[in-house]
Amino acid sequence: MAAEFKTATPRRHLRKLWLDVHLYLALTVGFLFVVLGVTGSLNVFYLELDGLLNPELRIEQTQGPYRPLDDIMASVRAAHPGRTGSWLVFMPRPGQPILRAVYPKPDESADKLYAPLMVDVDPYTAEVLSSRFWGDTLTTLVYELHASLLLGKFGSAEAGRIGFKIVGFLGVFLFVSIATGLYLWWPRGGKWRQALTFKRGASAVRLNYDLHKTFGVYAAVVLLVLAFTGFSFAYRDWIRPVVAWLSPVSAEPFKNPPELKSTPSPGAEPISIDQAVAVADQVFPGAELRWIATPDGPEGYYAVEKRQDGEANIRRPRSKVWIDQYSGKVLKIEDPNAFTAGETFLNLMWPLHNGEALGLPGRILVCATGLVPSVLYVTGLIHWLRKRQARRVTRAADREHETKVRPISVLTSEEVRDECR
(Lines give C-alpha, C1' and ligand atoms only; values in the text may rest on other atoms or scores of the structure.)
Protein backbone atom coordinates (compact mmCIF):
# COMPACT_ATOMS: atom_id res chain seq x y z
CA MET A 1 0.00 0.00 0.00
CA ALA A 2 2.82 2.39 0.87
CA ALA A 3 4.61 1.55 -2.40
CA GLU A 4 1.43 2.24 -4.33
CA PHE A 5 1.07 5.61 -2.59
CA LYS A 6 4.69 6.54 -3.39
CA THR A 7 4.10 5.68 -7.07
CA ALA A 8 0.87 7.66 -7.25
CA THR A 9 2.34 10.78 -5.67
CA PRO A 10 4.99 11.50 -8.38
CA ARG A 11 2.34 10.72 -11.01
CA ARG A 12 0.03 13.31 -9.49
CA HIS A 13 2.84 15.85 -9.40
CA LEU A 14 3.66 15.16 -13.05
CA ARG A 15 0.03 15.45 -14.05
CA LYS A 16 -0.24 18.75 -12.17
CA LEU A 17 2.85 20.02 -14.00
CA TRP A 18 1.48 19.17 -17.45
CA LEU A 19 -1.92 20.54 -16.50
CA ASP A 20 -0.30 23.86 -15.58
CA VAL A 21 1.71 23.92 -18.83
CA HIS A 22 -1.44 23.17 -20.82
CA LEU A 23 -3.41 25.85 -18.99
CA TYR A 24 -0.84 28.64 -19.15
CA LEU A 25 -0.20 28.05 -22.85
CA ALA A 26 -3.92 28.41 -23.46
CA LEU A 27 -4.18 31.59 -21.37
CA THR A 28 -1.13 33.26 -22.94
CA VAL A 29 -0.99 32.24 -26.62
CA GLY A 30 -4.22 30.29 -27.02
CA PHE A 31 -5.96 33.13 -28.84
CA LEU A 32 -3.09 33.27 -31.33
CA PHE A 33 -3.70 29.57 -32.03
CA VAL A 34 -7.29 30.54 -32.85
CA VAL A 35 -6.17 33.31 -35.21
CA LEU A 36 -3.65 31.10 -36.98
CA GLY A 37 -6.15 28.25 -37.21
CA VAL A 38 -8.97 30.30 -38.75
CA THR A 39 -6.67 32.14 -41.17
CA GLY A 40 -4.98 28.87 -42.08
CA SER A 41 -8.36 27.34 -42.92
CA LEU A 42 -9.14 30.26 -45.22
CA ASN A 43 -5.69 30.12 -46.82
CA VAL A 44 -6.20 26.53 -47.94
CA PHE A 45 -8.70 27.86 -50.48
CA TYR A 46 -7.49 31.44 -50.78
CA LEU A 47 -7.32 31.40 -54.58
CA GLU A 48 -10.85 30.05 -54.86
CA LEU A 49 -12.08 32.61 -52.29
CA ASP A 50 -10.34 35.38 -54.20
CA GLY A 51 -12.27 34.38 -57.30
CA LEU A 52 -15.57 34.37 -55.41
CA LEU A 53 -14.95 37.80 -53.87
CA ASN A 54 -13.92 39.41 -57.16
CA PRO A 55 -16.47 39.02 -59.96
CA GLU A 56 -14.04 40.37 -62.54
CA LEU A 57 -11.98 37.21 -62.10
CA ARG A 58 -14.82 34.90 -63.09
CA ILE A 59 -14.48 33.65 -66.64
CA GLU A 60 -16.31 31.23 -68.86
CA GLN A 61 -14.21 28.10 -69.10
CA THR A 62 -14.35 26.86 -72.66
CA GLN A 63 -13.14 23.68 -74.30
CA GLY A 64 -10.72 25.57 -76.48
CA PRO A 65 -6.96 25.74 -75.90
CA TYR A 66 -5.17 28.46 -73.99
CA ARG A 67 -3.66 31.31 -75.96
CA PRO A 68 0.12 30.98 -76.49
CA LEU A 69 2.07 32.04 -73.43
CA ASP A 70 3.96 34.60 -75.52
CA ASP A 71 0.65 36.30 -76.38
CA ILE A 72 -0.41 36.24 -72.73
CA MET A 73 2.86 37.77 -71.55
CA ALA A 74 2.69 40.36 -74.34
CA SER A 75 -0.66 41.48 -72.86
CA VAL A 76 0.85 41.59 -69.38
CA ARG A 77 3.85 43.64 -70.49
CA ALA A 78 1.62 45.99 -72.50
CA ALA A 79 -0.42 46.63 -69.33
CA HIS A 80 2.79 47.23 -67.35
CA PRO A 81 5.39 48.49 -69.83
CA GLY A 82 7.77 49.89 -67.23
CA ARG A 83 8.25 46.63 -65.35
CA THR A 84 11.32 44.97 -66.82
CA GLY A 85 12.94 41.85 -65.48
CA SER A 86 11.59 38.45 -64.57
CA TRP A 87 7.90 37.56 -64.35
CA LEU A 88 6.57 34.45 -62.63
CA VAL A 89 3.68 32.76 -64.41
CA PHE A 90 1.32 30.50 -62.46
CA MET A 91 -0.81 28.31 -64.69
CA PRO A 92 -4.53 27.81 -63.97
CA ARG A 93 -5.66 24.85 -61.92
CA PRO A 94 -9.00 23.28 -60.99
CA GLY A 95 -11.09 25.73 -58.98
CA GLN A 96 -8.88 28.65 -60.04
CA PRO A 97 -9.10 29.00 -63.85
CA ILE A 98 -7.24 32.31 -64.02
CA LEU A 99 -3.60 32.54 -65.11
CA ARG A 100 -1.62 34.73 -62.74
CA ALA A 101 1.57 36.59 -63.66
CA VAL A 102 3.55 37.87 -60.69
CA TYR A 103 6.13 40.65 -60.69
CA PRO A 104 8.21 39.80 -57.58
CA LYS A 105 9.80 43.13 -56.62
CA PRO A 106 7.86 46.21 -57.77
CA ASP A 107 9.30 49.58 -56.78
CA GLU A 108 6.10 50.49 -54.94
CA SER A 109 6.71 47.81 -52.29
CA ALA A 110 10.46 47.42 -52.40
CA ASP A 111 10.69 47.95 -48.62
CA LYS A 112 8.31 45.07 -47.84
CA LEU A 113 9.29 41.48 -47.21
CA TYR A 114 6.77 40.19 -49.76
CA ALA A 115 4.38 42.41 -51.71
CA PRO A 116 4.55 41.53 -55.43
CA LEU A 117 2.29 42.79 -58.18
CA MET A 118 -0.30 40.21 -59.22
CA VAL A 119 -1.73 40.38 -62.75
CA ASP A 120 -4.66 38.05 -63.46
CA VAL A 121 -5.23 37.05 -67.07
CA ASP A 122 -7.91 35.13 -68.93
CA PRO A 123 -5.84 32.30 -70.46
CA TYR A 124 -8.35 31.78 -73.28
CA THR A 125 -8.32 35.39 -74.54
CA ALA A 126 -5.06 36.80 -73.07
CA GLU A 127 -7.13 39.66 -71.60
CA VAL A 128 -5.74 41.26 -68.45
CA LEU A 129 -8.54 41.13 -65.86
CA SER A 130 -6.95 42.81 -62.84
CA SER A 131 -3.68 44.15 -61.45
CA ARG A 132 -3.31 44.21 -57.66
CA PHE A 133 -0.57 44.26 -55.06
CA TRP A 134 -0.20 41.46 -52.54
CA GLY A 135 -1.57 42.60 -49.20
CA ASP A 136 -4.12 44.99 -50.74
CA THR A 137 -6.83 42.35 -51.11
CA LEU A 138 -8.83 40.64 -48.38
CA THR A 139 -7.52 37.15 -49.13
CA THR A 140 -3.87 38.21 -49.21
CA LEU A 141 -4.37 40.26 -46.05
CA VAL A 142 -5.65 37.12 -44.32
CA TYR A 143 -2.64 35.27 -45.71
CA GLU A 144 -0.30 37.91 -44.27
CA LEU A 145 -2.02 37.65 -40.88
CA HIS A 146 -1.35 33.93 -40.90
CA ALA A 147 2.23 34.20 -42.15
CA SER A 148 3.59 37.16 -40.16
CA LEU A 149 0.80 38.56 -37.94
CA LEU A 150 0.59 41.45 -40.45
CA LEU A 151 4.07 42.67 -39.52
CA GLY A 152 5.07 41.96 -43.11
CA LYS A 153 2.25 44.17 -44.38
CA PHE A 154 2.44 47.17 -42.07
CA GLY A 155 6.11 46.96 -41.07
CA SER A 156 9.46 46.86 -42.82
CA ALA A 157 10.98 43.79 -44.42
CA GLU A 158 12.83 43.08 -41.16
CA ALA A 159 9.57 43.36 -39.19
CA GLY A 160 8.05 40.87 -41.61
CA ARG A 161 10.88 38.43 -40.99
CA ILE A 162 10.41 38.78 -37.23
CA GLY A 163 6.69 38.16 -37.58
CA PHE A 164 7.39 35.10 -39.70
CA LYS A 165 9.74 33.76 -37.04
CA ILE A 166 7.19 34.41 -34.29
CA VAL A 167 4.50 32.51 -36.17
CA GLY A 168 6.92 29.66 -36.78
CA PHE A 169 7.84 29.40 -33.11
CA LEU A 170 4.18 29.35 -32.15
CA GLY A 171 4.24 25.95 -33.83
CA VAL A 172 6.41 24.75 -30.93
CA PHE A 173 3.88 26.03 -28.39
CA LEU A 174 1.02 24.42 -30.30
CA PHE A 175 2.92 21.13 -30.44
CA VAL A 176 3.47 21.21 -26.67
CA SER A 177 -0.15 22.19 -26.03
CA ILE A 178 -1.48 19.27 -28.07
CA ALA A 179 1.04 16.83 -26.58
CA THR A 180 0.19 17.80 -22.98
CA GLY A 181 -3.51 17.64 -23.83
CA LEU A 182 -3.06 14.07 -25.07
CA TYR A 183 -1.19 13.15 -21.89
CA LEU A 184 -3.93 14.58 -19.70
CA TRP A 185 -6.63 12.86 -21.76
CA TRP A 186 -4.94 9.45 -21.95
CA PRO A 187 -7.39 6.96 -20.37
CA ARG A 188 -6.20 4.90 -17.45
CA GLY A 189 -7.71 1.55 -16.69
CA GLY A 190 -8.63 0.80 -20.31
CA LYS A 191 -11.63 3.17 -20.45
CA TRP A 192 -11.09 3.93 -24.14
CA ARG A 193 -14.73 4.02 -25.16
CA GLN A 194 -15.54 6.56 -22.48
CA ALA A 195 -12.51 8.63 -23.47
CA LEU A 196 -13.41 8.68 -27.17
CA THR A 197 -17.14 9.38 -27.00
CA PHE A 198 -19.69 11.79 -25.58
CA LYS A 199 -21.59 10.84 -22.46
CA ARG A 200 -25.27 10.43 -23.21
CA GLY A 201 -27.66 12.71 -21.35
CA ALA A 202 -24.76 14.62 -19.84
CA SER A 203 -25.09 18.00 -18.21
CA ALA A 204 -23.96 21.17 -19.97
CA VAL A 205 -20.75 21.10 -17.93
CA ARG A 206 -19.94 17.53 -18.97
CA LEU A 207 -20.92 18.23 -22.58
CA ASN A 208 -18.49 21.14 -22.69
CA TYR A 209 -15.72 18.90 -21.30
CA ASP A 210 -16.50 16.13 -23.80
CA LEU A 211 -16.42 18.61 -26.66
CA HIS A 212 -12.97 19.76 -25.56
CA LYS A 213 -11.48 16.30 -25.21
CA THR A 214 -13.00 14.67 -28.31
CA PHE A 215 -12.25 17.54 -30.70
CA GLY A 216 -8.71 17.67 -29.35
CA VAL A 217 -8.12 13.93 -29.62
CA TYR A 218 -9.53 13.43 -33.10
CA ALA A 219 -7.71 16.45 -34.50
CA ALA A 220 -4.45 15.85 -32.61
CA VAL A 221 -2.50 14.11 -35.36
CA VAL A 222 -3.30 16.72 -38.01
CA LEU A 223 -2.65 19.58 -35.56
CA LEU A 224 0.73 18.11 -34.64
CA VAL A 225 1.64 17.88 -38.34
CA LEU A 226 0.53 21.48 -38.93
CA ALA A 227 2.50 22.67 -35.90
CA PHE A 228 5.69 20.93 -37.02
CA THR A 229 5.45 21.92 -40.69
CA GLY A 230 4.70 25.52 -39.74
CA PHE A 231 7.78 25.58 -37.54
CA SER A 232 9.87 24.06 -40.35
CA PHE A 233 9.19 26.99 -42.70
CA ALA A 234 10.58 29.62 -40.36
CA TYR A 235 13.36 27.49 -38.90
CA ARG A 236 14.46 25.42 -41.87
CA ASP A 237 18.08 26.15 -40.98
CA TRP A 238 17.49 24.22 -37.73
CA ILE A 239 15.58 21.33 -39.32
CA ARG A 240 17.81 20.79 -42.35
CA PRO A 241 21.01 19.79 -40.51
CA VAL A 242 19.09 17.26 -38.42
CA VAL A 243 17.52 15.73 -41.53
CA ALA A 244 20.86 15.82 -43.38
CA TRP A 245 22.46 13.91 -40.50
CA LEU A 246 20.09 11.04 -41.30
CA SER A 247 19.93 11.43 -45.09
CA PRO A 248 21.86 13.67 -47.55
CA VAL A 249 20.15 16.95 -48.44
CA SER A 250 21.38 19.11 -51.31
CA ALA A 251 18.30 20.18 -53.30
CA GLU A 252 16.94 23.51 -52.06
CA PRO A 253 13.22 24.09 -52.63
CA PHE A 254 12.27 26.97 -54.93
CA LYS A 255 15.81 28.35 -55.10
CA ASN A 256 17.83 28.90 -58.26
CA PRO A 257 21.44 27.65 -58.26
CA PRO A 258 23.58 30.80 -58.11
CA GLU A 259 26.04 29.52 -60.71
CA LEU A 260 23.46 29.25 -63.50
CA LYS A 261 23.38 31.86 -66.27
CA SER A 262 22.59 32.15 -69.96
CA THR A 263 25.40 32.80 -72.41
CA PRO A 264 24.70 35.77 -74.69
CA SER A 265 26.17 35.69 -78.19
CA PRO A 266 26.34 38.49 -80.79
CA GLY A 267 23.08 38.82 -82.67
CA ALA A 268 21.39 36.01 -80.73
CA GLU A 269 17.68 36.48 -80.00
CA PRO A 270 16.04 34.92 -76.95
CA ILE A 271 13.82 31.95 -77.55
CA SER A 272 10.11 32.35 -76.84
CA ILE A 273 8.35 31.23 -73.67
CA ASP A 274 6.52 28.52 -75.60
CA GLN A 275 9.85 27.25 -76.99
CA ALA A 276 11.26 27.07 -73.47
CA VAL A 277 8.21 25.09 -72.33
CA ALA A 278 8.72 22.75 -75.33
CA VAL A 279 12.27 22.07 -74.09
CA ALA A 280 10.94 21.23 -70.64
CA ASP A 281 8.34 18.94 -72.26
CA GLN A 282 11.18 16.88 -73.70
CA VAL A 283 12.72 16.48 -70.24
CA PHE A 284 9.44 15.63 -68.50
CA PRO A 285 7.11 14.38 -71.24
CA GLY A 286 3.48 14.18 -70.21
CA ALA A 287 3.99 16.17 -67.01
CA GLU A 288 1.60 19.04 -66.29
CA LEU A 289 2.92 22.59 -66.78
CA ARG A 290 2.49 24.55 -63.53
CA TRP A 291 4.91 27.50 -63.41
CA ILE A 292 7.35 29.49 -65.53
CA ALA A 293 9.90 32.20 -64.68
CA THR A 294 11.02 34.43 -67.53
CA PRO A 295 14.67 35.57 -67.77
CA ASP A 296 15.91 38.36 -65.53
CA GLY A 297 18.38 40.38 -67.60
CA PRO A 298 20.79 39.34 -70.40
CA GLU A 299 22.28 36.47 -68.37
CA GLY A 300 18.95 35.34 -66.98
CA TYR A 301 17.33 32.05 -67.91
CA TYR A 302 13.97 30.36 -68.11
CA ALA A 303 12.88 28.18 -65.22
CA VAL A 304 9.99 25.80 -65.90
CA GLU A 305 8.22 23.72 -63.27
CA LYS A 306 6.12 20.73 -64.25
CA ARG A 307 4.20 18.24 -62.15
CA GLN A 308 4.76 14.55 -62.66
CA ASP A 309 2.20 11.97 -61.61
CA GLY A 310 2.34 11.33 -57.88
CA GLU A 311 3.97 14.62 -56.86
CA ALA A 312 2.58 15.95 -53.60
CA ASN A 313 3.11 19.61 -54.51
CA ILE A 314 0.40 20.92 -56.82
CA ARG A 315 0.86 24.67 -57.16
CA ARG A 316 4.68 24.60 -56.98
CA PRO A 317 5.89 21.09 -57.89
CA ARG A 318 9.59 20.20 -57.97
CA SER A 319 10.07 18.77 -61.49
CA LYS A 320 12.08 21.72 -62.73
CA VAL A 321 14.18 22.61 -65.76
CA TRP A 322 16.49 25.63 -66.11
CA ILE A 323 17.01 26.67 -69.75
CA ASP A 324 19.44 29.05 -71.51
CA GLN A 325 17.32 31.87 -72.90
CA TYR A 326 19.31 32.05 -76.17
CA SER A 327 20.28 28.53 -77.15
CA GLY A 328 17.50 26.61 -75.42
CA LYS A 329 20.16 24.44 -73.79
CA VAL A 330 19.17 22.68 -70.58
CA LEU A 331 21.31 24.14 -67.80
CA LYS A 332 20.05 22.01 -64.91
CA ILE A 333 17.31 19.52 -64.09
CA GLU A 334 15.64 18.84 -60.75
CA ASP A 335 13.68 15.59 -60.54
CA PRO A 336 11.89 14.76 -57.28
CA ASN A 337 11.96 11.08 -58.24
CA ALA A 338 15.73 11.24 -57.67
CA PHE A 339 15.49 12.94 -54.27
CA THR A 340 17.05 11.33 -51.23
CA ALA A 341 14.82 10.37 -48.31
CA GLY A 342 15.81 13.59 -46.55
CA GLU A 343 15.01 15.77 -49.55
CA THR A 344 11.68 14.00 -50.00
CA PHE A 345 10.84 14.58 -46.33
CA LEU A 346 11.59 18.31 -46.56
CA ASN A 347 9.72 18.52 -49.85
CA LEU A 348 6.59 17.26 -48.09
CA MET A 349 6.46 20.08 -45.54
CA TRP A 350 4.44 22.49 -47.69
CA PRO A 351 1.94 20.03 -49.23
CA LEU A 352 1.34 18.56 -45.77
CA HIS A 353 0.75 22.00 -44.30
CA ASN A 354 -1.86 23.02 -46.86
CA GLY A 355 -3.26 19.53 -47.47
CA GLU A 356 -2.18 19.27 -51.11
CA ALA A 357 -0.38 16.00 -50.35
CA LEU A 358 -3.77 14.24 -50.18
CA GLY A 359 -5.47 16.19 -52.95
CA LEU A 360 -8.85 17.85 -52.41
CA PRO A 361 -9.78 15.57 -49.45
CA GLY A 362 -6.53 16.58 -47.75
CA ARG A 363 -7.22 20.27 -48.30
CA ILE A 364 -10.72 19.88 -46.84
CA LEU A 365 -9.27 18.00 -43.85
CA VAL A 366 -6.71 20.73 -43.14
CA CYS A 367 -9.35 23.43 -43.62
CA ALA A 368 -11.66 21.76 -41.09
CA THR A 369 -8.84 21.08 -38.62
CA GLY A 370 -7.87 24.75 -38.66
CA LEU A 371 -11.18 25.53 -36.96
CA VAL A 372 -10.54 23.08 -34.10
CA PRO A 373 -8.34 25.46 -32.03
CA SER A 374 -11.35 27.79 -31.82
CA VAL A 375 -13.45 25.00 -30.30
CA LEU A 376 -10.66 23.97 -27.93
CA TYR A 377 -10.03 27.56 -26.84
CA VAL A 378 -13.68 28.35 -26.10
CA THR A 379 -14.49 25.05 -24.36
CA GLY A 380 -11.22 25.10 -22.42
CA LEU A 381 -11.83 28.67 -21.30
CA ILE A 382 -15.37 27.83 -20.19
CA HIS A 383 -14.09 24.80 -18.25
CA TRP A 384 -11.37 26.86 -16.54
CA LEU A 385 -13.74 29.72 -15.64
CA ARG A 386 -16.27 27.27 -14.21
CA LYS A 387 -13.65 25.59 -12.02
CA ARG A 388 -12.30 28.97 -10.97
CA GLN A 389 -15.76 30.13 -9.95
CA ALA A 390 -16.35 26.86 -8.08
CA ARG A 391 -13.14 27.36 -6.10
CA ARG A 392 -14.17 30.92 -5.23
CA VAL A 393 -17.55 29.72 -3.98
CA THR A 394 -15.90 26.99 -1.91
CA ARG A 395 -13.44 29.42 -0.33
CA ALA A 396 -16.24 31.89 0.44
CA ALA A 397 -18.31 29.13 2.05
CA ASP A 398 -15.32 28.04 4.14
CA ARG A 399 -14.74 31.59 5.39
CA GLU A 400 -18.40 32.00 6.27
CA HIS A 401 -18.38 28.72 8.15
CA GLU A 402 -15.31 29.77 10.16
CA THR A 403 -16.96 33.00 11.28
CA LYS A 404 -20.07 31.18 12.52
CA VAL A 405 -18.24 28.62 14.64
CA ARG A 406 -17.21 30.05 18.07
CA PRO A 407 -13.64 29.13 18.93
CA ILE A 408 -13.16 27.00 22.06
CA SER A 409 -11.01 28.80 24.64
CA VAL A 410 -8.70 27.14 27.12
CA LEU A 411 -9.02 28.59 30.66
CA THR A 412 -6.25 28.75 33.21
CA SER A 413 -6.76 27.28 36.72
CA GLU A 414 -7.20 30.77 38.19
CA GLU A 415 -9.84 31.62 35.56
CA VAL A 416 -11.66 28.40 36.43
CA ARG A 417 -11.77 29.34 40.17
CA ASP A 418 -13.00 32.82 39.26
CA GLU A 419 -15.77 31.30 37.15
CA CYS A 420 -16.83 29.00 40.01
CA ARG A 421 -17.17 31.79 42.60
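We now turn to the structure provided with this report. (Residues numbered from 1 in each chain as written. Predicted model: local features only at pLDDT ≥ 70, side-chain atom pairs only at ≥ 80, totals over all residues. Heavy atoms only, no water.)

Further remarks concern the pattern of salt bridges. Inspection of every chain in the model, using the stated rule, returns 20 salt bridges. Here Glu-48 makes a salt bridge to Arg-363, at a shortest N to O gap of 3.2 Å. Linking Glu-48 in helix H2 (residues 46-53) with Arg-363 in helix H13 (residues 359-369), this pair joins segments that are 315 residues apart in sequence. The pair formed by Glu-48 and Arg-363 is uniform in burial state, with each residue classed as buried. (Salt bridge = Lys/Arg side-chain N within 4 Å of Asp/Glu carboxyl O. Helix = DSSP H or I, 4+ residues; strand = E, 2+ residues; numbered from the N terminus. Buried < 20%, exposed > 50% of the residue type's maximum accessible area, 1.4 Å probe, protein only.)

In this model, Leu-149 sits at a positive phi of 55 degrees, which is unusual for a non-glycine residue. Mapping Leu-149 onto the fold places it in the loop between helix H4 (138-148) and helix H5 (151-154). Classification of Leu-149 as partly exposed rests on a relative accessible area of 24%. Unusually for a residue other than glycine, Leu-150 sits at a positive phi of about 70 degrees. Along the chain, the position of Leu-150 falls in the loop between H4 and H5.

For an α-helix the count is 3.6 residues per turn, leaving residues at separations of three or four pointing the same way. Within H4 the residues assigned to the buried category are Thr-139, Thr-140, Val-142, Tyr-143, Glu-144, His-146 and Ser-148. Looking one or two places after H4, you find Leu-149, whose phi comes out positive at around 55 degrees.

One ladder, built from 4 bridges, connects strand E7 (residues 319-324) with strand E8 (residues 330-334); its direction is antiparallel. Directly across from Trp-322, in E8, lies its bridge partner Lys-332. The hairpin turn running from E7 into E8, its antiparallel successor, is 5 residues long, and Gly-328 in that turn takes a positive phi close to 75 degrees. (Pairing = 2+ DSSP bridges.)

The interhelical angle for the contact between H4 and helix H6 (residues 157-185), taken along N-to-C directions, is 70 degrees, at an axis separation of 6 Å. In terms of orientation, H4 lies roughly perpendicular with respect to H6. Where H4 approaches H6, its residues His-146, Ala-147 and Ser-148 are matched on the opposing element by Gly-160, Gly-163, Phe-164 and Val-167. Taken together, the residues of the contact of H4 with H6 sort by class into 3 nonpolar, 4 polar and no charged. (Axes fitted to C-alpha atoms, helices over the stretch in contact; angles between N-to-C directions. Parallel < 35°, antiparallel > 145°, perpendicular 65-115°, else oblique. Contact = heavy atoms within 4.5 Å. Nonpolar A, V, L, I, M, F, W, Y, C, P; charged D, E, K, R; others polar.)

Turning to the environment of Glu-127, a few remarks are in order. Mapped onto the elements of the fold, Glu-127 is located in strand E4 (residues 127-133). We classify Glu-127 as partly exposed; its relative accessible area is 47%. Considered as a pair, Glu-127 and Gly-171 are 44 residues apart in the sequence and their alpha carbons are 42 Å apart. Residue contacts for Glu-127: discarding those within four places in its chain leaves Asp-120, Val-121 and Asp-122.

Okay, a nonpolar patch on the surface next. A cluster of nonpolar side chains, namely Val-221, Val-225, Leu-348 and Leu-352, defines an oily patch on the protein surface of about 290 Å² accessible area. Position of Leu-348 among the secondary structure elements: in the loop between helix H11 (341-347) and helix H12 (349-354). (Patch = residues over 30% accessible without salt bridge, like charges linked within 9 Å, V, L, I, M, F, W, Y side chains within 5 Å. Areas by Shrake-Rupley, 256 points an atom, 1.4 Å probe, with all protein chains shown as cover.)

Here we take up the sheet that holds strand E3 (residues 117-122). The 8 strands are arranged E4-E3-E2-E1-E5-E6-E7-E8 in an open sheet whose pairing can be described as antiparallel. Looking along the sheet, the strands with just one partner apiece sit at the ends: E4 and E8. Mean inter-strand twist for the sheet, computed between neighbouring axes without regard to direction, equals 20 degrees. Here E3 runs beside E4; their pairing, made up of 6 bridges, is antiparallel. Across the sheet, residue Asp-120 finds its bridge partner in E4, namely Ser-130. Its contacts with the sheet place helix H10 (residues 273-283) against strand E5 (288-293), strand E6 (301-307), E7 and E8, and it is angled at close to 50 degrees to E6.

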